[in-house]
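Now for the letters of each chain:
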Amino acid sequence: MIIKKIDDIRGTEREVYAENGNWVSRRLLLKSDGMGFSFHETIIFANSETHIWYKNHLEAVYCVDGEGEVELLDDGTIIPIAPGTLYALDRHDRHLLRAHDRDLKLLCVFNPALVGREVHQADGSYALLDEEDTV
Ligand code: 9YT
């Protein structure tokens, strides 16, 4: 059995900050853990907007704290995000993720699993990487 504690991840390779400063992702499970998915605690900082398009991954996101919204770029639909809400990007939906006036705390699952220190590429995606690739 694998046991991880969030406090043991802070300040390590598994704590990844967005290059634009919009979020921090603490990666509790990665590809190397062998579960077939990765599992992250992600904090989206208050009053931020992030363009995301996970064209190479499926992601499910469950909100446990804060308040924000997702805007789907295909049709402009706005989905309010609050504790208890899950959204799953089953269509690789292009979207904007906004945190309102408090940080959003999200639990995120990625399939295929992220391998390590991925940050968003210019188009909002993560590259598909093998463990030996560096990011
Ligand atoms: C919800 C979302 O996709 N935020 C961006 C960060 C990502 N979840 C990650 O790498 O943990």
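Higher on the page you've got the structure.
Residues numbered from 1 in each chain as written. Predicted model: local features only at pLDDT ≥ 70, side-chain atom pairs only at ≥ 80, totals over all residues. Heavy atoms only, no water.

Q: Whenever I open this one, unusual backbone geometry confuses me. Can you help?
A: Leave glycine aside and you will find that most residues have negative phi; peptide bonds, for their part, are mostly trans. The linkage connecting Asn111 with the following residue, Pro112, adopts the cis geometry, with an omega of -5°. Looking at where Pro112 falls in the secondary structure, it is placed in the segment after strand S10 (104-111). (Helix = DSSP H or I, 4+ residues; strand = E, 2+ residues; numbered from the N terminus.)

Q: I would appreciate a short explanation of the site of the ligand in the present structure.
A: Looking at the ligand, there are 16 residues lining it, with Ser25, Arg27, His40, Thr42 and Tyr126 nearest. In this structure, Arg27 approaches the ligand through a side-chain N or O atom, which is 2.6 Å from an oxygen atom. The separation between an oxygen atom of the ligand and a polar side-chain atom of Tyr126 is 2.5 Å. Contact with the protein chains covers 100% of the free accessible surface of the ligand, which is 310 Å². Of all the elements in the fold, those that place two or more residues in the shell around the ligand are strand S2 (23-29), strand S3 (38-44) and S10. (Near = heavy atom within 4 Å. Polar contact = N/O pair within 3.5 Å; in protein donor to acceptor, adjacent residues only side chain to side chain. Areas by Shrake-Rupley, 256 points an atom, 1.4 Å probe, with all protein chains shown as cover.)

Q: Would you take a moment to explain the nonpolar core for this structure?
A: The nonpolar side chains of a soluble globular protein tend to be buried with one another. Within the largest apolar cluster, 22 residues are counted, with the highest numbers of intra-cluster contacts made by Ile44, Ile81, Tyr87, Leu97, Leu104 and Leu106. For this core, the secondary structure elements donating two or more residues are strand S5 (58-65), strand S6 (68-72), strand S9 (95-99) and S10. Looking at this core, the element that brings in the most residues is S10, giving four residues. In this view, Leu106 contacts His40, Glu41, Thr42, Ile44, Val61, Tyr62, Cys63, Ile81 and Leu97; residues no more than four positions away in its chain are not counted. (Core = buried A, V, L, I, M, F, W, Y, C linked by side-chain atoms within 4.5 Å. Buried < 20%, exposed > 50% of the residue type's maximum accessible area, 1.4 Å probe, protein only. Contact = heavy atoms within 4.5 Å.)

Q: Where do I start with the packing of aromatic side chains in this structure?
A: Think of a pair of aromatic rings as described by two things: how far the centres are apart, and how the planes are tilted against each other in angle. What the rule picks out here adds up to three aromatic pairs. The interplanar angle of 80° and the centroid separation of 5.0 Å between the aromatic rings of Tyr54 and Phe110 together place this pair among those described as edge-to-face. Of this pair, Tyr54 sits in the loop between strand S4 (48-52) and S5 while Phe110 sits in strand S10, placing them 56 residues apart in sequence. As far as the burial class goes, Tyr54 and Phe110 line up, both buried. A ring pair is formed by Phe110 and Tyr126, whose centres lie 5.6 Å apart and whose planes are at 50°; its orientation type is tilted. With a gap of 16 residues between them, Phe110 in strand S10 and Tyr126 in the segment after S10 connect regions that are remote in the sequence. For the pair Phe110 and Tyr126, a shared accessibility class is recorded, and that class is buried. Three or more aromatic residues joined by ring pairs form one cluster here, namely Tyr54, Phe110 and Tyr126. Here Arg94 stacks its cationic end above the ring of Trp53, 3.8 Å away from the centre of that ring. (Phe/Tyr/Trp six-rings, centres within 6.5 Å; stacked < 30°, edge-to-face > 60°. Lys NZ or Arg CZ within 6 Å of the ring centre and 35° of its normal.)

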